[in-house]
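Residue strings, one per chain:
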Amino acid sequence: MITIYNFPRGGRGVRLFWQCEEMGLPYETRAVTFPPSAEYRALNALGSVPFLQDGDVAINESVAIMLYLAGKYGPTPLMPPKDDPSYARVLQMLVFSEASLGASVNTLLAAKFGAPEADKANWSVRATAQRIEQFLDFVSDLLGDQPYLAGSNFTVADIAISTAMGVYRGALGKTIPPRLSAYQDRLQARPAYERAKAKQTA
């Protein structure tokens, strides 16, 4: 059985719930306390979330978990085949969601909730905020008039990018370009997302 560990309101865990719901995969969720308990750290030494156990497999990093689920339990429309022209774009935006957008959002989260008052708007925070705006404009331009990031098909890239934008909007109270706001609203109207979101607060 797939078991996904997550903070009760952890956005990155929801992207995994969402993927499982879209793929029709049975899974269990386990809430992780903050700070993480010694018992949890025995499973996941970093104490981070999300974290997945699936038989003998135990891994963290949400994007790696998404690739694992698509690879082990596919084929799935969420991940195009390697000979599909959209395959490279899906990989690009899946990694971009965390390596670029998500990592920058993490910096702003740390500044907002952990930095001394004098450092909450220092040079690096301001530069990161500007970089995120550039990232969002890039995503908006890439989306264009397409329904999804890789064209006509909904993929793991959409799940990953939507999640990163959700953390940016929710935890930081930020706004995103109108095209991306409408795009995210469409994605979050999917029944699989609604079921996943319910698991976040269950």
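What you are looking at is a predicted structure, and each value in this text was computed from that prediction instead of being measured.

Novice: How should the packing of aromatic side chains be read in this particular structure?
Specialist: Think of a pair of aromatic rings as described by two things: how far the centres are apart, and how the planes are tilted against each other in angle. For the coordinates displayed, the defined rule picks out 10 aromatic pairs. Consider the rings of Tyr 40 and Phe 51, whose centres lie 6.1 Å apart with planes at 90°: the pair is edge-to-face. Here Tyr 40 is found in helix 2 (residues 38-43), whereas its partner Phe 51 is found in strand 3 (residues 51-54), with 11 residues between them in sequence. A relative accessible area of 5% places Tyr 40 in the buried class. Take Phe 51: its relative accessible area is 2%, and that puts it in the buried class. One aromatic cluster is present, built from ring pairs that chain together Trp 18, Tyr 148, Phe 154 and Tyr 193.

Novice: I would appreciate a short explanation of unusual backbone geometry in the present structure.
Specialist: Among all residues except glycine, the phi angle is most often negative; among peptide bonds, the trans geometry is most common. Residues Phe 34 and Pro 35 are joined by a peptide bond in cis, for which omega reads 0°. Within the secondary structure, Pro 35 sits in the loop between strand 2 (27-31) and helix 2. Residue Pro 75 is reached from Gly 74 by a cis peptide bond, and omega for that bond is 5°. You can see Pro 75 is positioned in the loop between helix 3 (62-73) and helix 4 (87-114).

Novice: What's the story with the pairing of strand 1 (residues 2-6) in this structure? I'm lost.
Specialist: The side chains of a regular strand alternate between both faces of the sheet. Most of strand 1 sits out of view: five of its five residues are buried. Both faces of strand 1 are covered, namely the face carrying Ile 2, Ile 4 and Asn 6 and the face carrying Thr 3 and Tyr 5. Strand direction decides the pairing type here: strand 1 and strand 2, joined by five bridges, are parallel. Bridge pairing in strand 2 places Ile 4 opposite Thr 29. As for the winding sense of the linkage, the β-α-β connection from strand 1 through helix 1 (residues 11-23) to strand 2 is right-handed. Note that strand 1 and strand 3 share four bridges and pair antiparallel. Bridge pairing in strand 3 links Thr 3 to Gln 53.

Novice: Help me out: how do you make sense of the nonpolar core in this one?
Specialist: The nonpolar side chains of a soluble globular protein tend to be buried, and buried together. Core analysis: the biggest nonpolar cluster contains 58 residues, and Leu 101 and Leu 149 have the highest contact counts within it. Of all elements in the fold, only strand 1, helix 1, helix 3, helix 4, helix 5 (123-143), helix 6 (156-170), helix 7 (178-188) and helix 8 (191-201) reach the threshold of two or more residues within this core. Among the elements that take part in this core, helix 4 stands out by supplying 10 residues, more than any other. Setting aside chain neighbours within four positions, we find Leu 149 in contact with Arg 89, Met 93, Val 139, Leu 142, Leu 143, Ala 157, Asp 158, Ile 161 and Tyr 183. Listed in part, the five residues of the second largest apolar core include Tyr 5, Val 32, Tyr 40 and Val 49.

The rules behind these values
Residues numbered from 1 in each chain as written. Predicted model: local features only at pLDDT ≥ 70, side-chain atom pairs only at ≥ 80, totals over all residues. Heavy atoms only, no water. Phe/Tyr/Trp six-rings, centres within 6.5 Å; stacked < 30°, edge-to-face > 60°. Helix = DSSP H or I, 4+ residues; strand = E, 2+ residues; numbered from the N terminus. Buried < 20%, exposed > 50% of the residue type's maximum accessible area, 1.4 Å probe, protein only. Pairing = 2+ DSSP bridges. Right-handed = clockwise from strand over helix to strand, strands pointing away. Core = buried A, V, L, I, M, F, W, Y, C linked by side-chain atoms within 4.5 Å. Contact = heavy atoms within 4.5 Å.

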